[in-house]
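# Architecture and fold: a report
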Amino acid sequence: MNWINEPGRVFVARRGRSELTTTILGEAQVRDLVERMLKTTGRRVDLSTPFVDAMLPDGSRLHVVIPDITRRHWSVNIRKFVLSANTLDELVMLGTVTDQAARFLEAAIVAGLNVIVAGGTQAGKTTLLNCLAGAIPAKERVVTCEEVFELQLGLPDVVAMQTRQPNLEGTGEIRLRRLVKEALRMRPDRLLGREIGTRRTSCGLTAGLRVSPLNFGATNCPGSLLCGRLRVLAECIVCWAPPTRVASPREGRWSHRKRECSRHRPWGHAARVDDRDRRL
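A short tour of the structure in this document, coming up. Owing to the predicted nature of the structure, the values given are computational and were not obtained by experimental measurement.

Of note, the amide linkage connecting P67 to D68 takes the cis form, showing an omega dihedral of 10 degrees. Relative to the helices and strands, D68 resides in the loop between strand 5 (61–65) and strand 6 (75–79). Unusually for a residue other than glycine, R187 sits at a positive phi of about 55 degrees. Along the polypeptide, R187 turns up in the loop between helix 5 (176–184) and strand 10 (190–194). Taking the relative accessible area as the measure of exposure, R187 reaches 71% and is therefore exposed.

Inspection of the sheet shows strand 1 (residues 2–6) paired to strand 2 (residues 9–14) by 4 bridges, in the antiparallel sense. From the neighbouring strand, E6 faces strand 2, where its bridge partner is R9. Count of turn residues in the strand 1/strand 2 antiparallel hairpin: 2 residues. One ladder, built from 3 bridges, connects strand 1 with strand 6; its direction is antiparallel. Bridge pairing in strand 6 places N2 opposite I78.

Next up on the list: helix 1 (residues 27–38). Taking 1.5 Å as the rise per residue, helix 1 with 12 residues should run 16 Å; its terminal C-alpha atoms sit 17 Å apart, in good agreement. Inspection of helix 1 places V30, V34, M37 and L38 among the buried residues, and these make up the whole buried set. When helix 1 is viewed along its axis, its buried side chains cluster within an angular range of 95 degrees and face the same direction. The exposed set on the far side of helix 1, more than 90 degrees from its buried face, consists of A28, E35 and R36. As for helix 1, its buried residues are in contact with strand 4 (51–55), strand 5 and strand 6.

Once that is clear, we can look at the pattern of salt bridges. Scanning the entire structure with this criterion turns up 15 salt bridges. One salt bridge connects D32 with R36, and the closest N-O pair in it is separated by 3.7 Å. Pair noted here: D32 and R36 are both in helix 1, with a separation of 4 residues, about one helical turn. For R36, a relative accessible area of 58% gives the class exposed. Salt-bridge contacts for D157 lead to R141; the nearest nitrogen and oxygen are separated by 3.1 Å. Note that D157 is positioned in the loop between strand 8 (142–146) and strand 9 (158–162) and R141 in the loop between helix 4 (125–133) and strand 8, a separation of 16 residues in sequence. The exposure class of R141 is partly exposed, given its relative accessible area of 23%.

Basis of the calculations
- Residues numbered from 1 in each chain as written.
- Predicted model: local features only at pLDDT ≥ 70, side-chain atom pairs only at ≥ 80, totals over all residues.
- Heavy atoms only, no water.
- Helix = DSSP H or I, 4+ residues; strand = E, 2+ residues; numbered from the N terminus.
- Buried < 20%, exposed > 50% of the residue type's maximum accessible area, 1.4 Å probe, protein only.
- Pairing = 2+ DSSP bridges.
- Expected span 1.5 Å × (residues − 1).
- Arc of directions from axis to C-beta.
- Contact = heavy atoms within 4.5 Å.
- Salt bridge = Lys/Arg side-chain N within 4 Å of Asp/Glu carboxyl O.

Given below as C-alpha cells:
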C-alpha cells in the first residue's frame, strides 16, 4: 500500500509497517497523477465530489480526498490487493485459521448458510471472502455487489457489479441498494456483498448489511462487514436486526431481535496480529 499525505511525504507499507520514502512531488504533480489514474475509471474528484474510490487497471484500489475536506493537501491512497490465498486450505497453511475452523466454514458454505465476515481495516476480510467463495460448488450461479471491484472469484458462472458515482449533472448514481435489487432479478444461487450499506447504530458501529439481501428474501448470502471487535459486532447486529413480526409482551422486543439475528450464522471475525499476521 502506498499513500501521499502531502507532496513531500510519500509513504509505502512493507510487511505491515509504514516507511517514509525519499520521493518528493509537487502539488501539480500529485493532481496530474490522480487525474491520469482516474482517466480509465470513469470517476472524478472535484469540489462537489471531494472523495473518490476507484479500481485501477492493475486491480489496485485508489482513494483520494481533496481540500477543504483535508486540511491543505490532497490525500492519495493506493492499495494493492495481494491475494495471498485462494482457498481455505491455503489459509490453514498460512496460519490464519485452524484446520477445524476451515472445515467448519467450508461445510457452512456448501450447505448454503448465510455467513458474515467482519474485521477491522486491512484485517483480511476480502481475502477470507474470496477463500470462502472458493468452496461454492461450480454448478451454482454467483452475483457480487461491491462499492469497488475487489473480489476475484475463480468460478465459472459469476456476474460482478459495482456502484457508480453521479455525473456532473448530479444524475446517474447507482447505489449498493440498487445493485442488490437488480442482482436478485438475475436468479443467483449465491449473492456476495462487500460492506453493503452504511448506517450508524446506537452502539457506534457502521452496520454494513443494512440493505442485506436477506431483507429481500434471498438466502446463501456471504458478506463482509467492517468492525473492529467481535463483541461490538454481535451487539450491533442485534440492535440493527429488523423485526418481521410483533414480539409478544412475554418475550420482549430485545429477545425477538436476537432471534431475528440467528439467521446470520456463522460469523467470522478477521484481525491483524502484530501489524503483520492475519488471524480468524
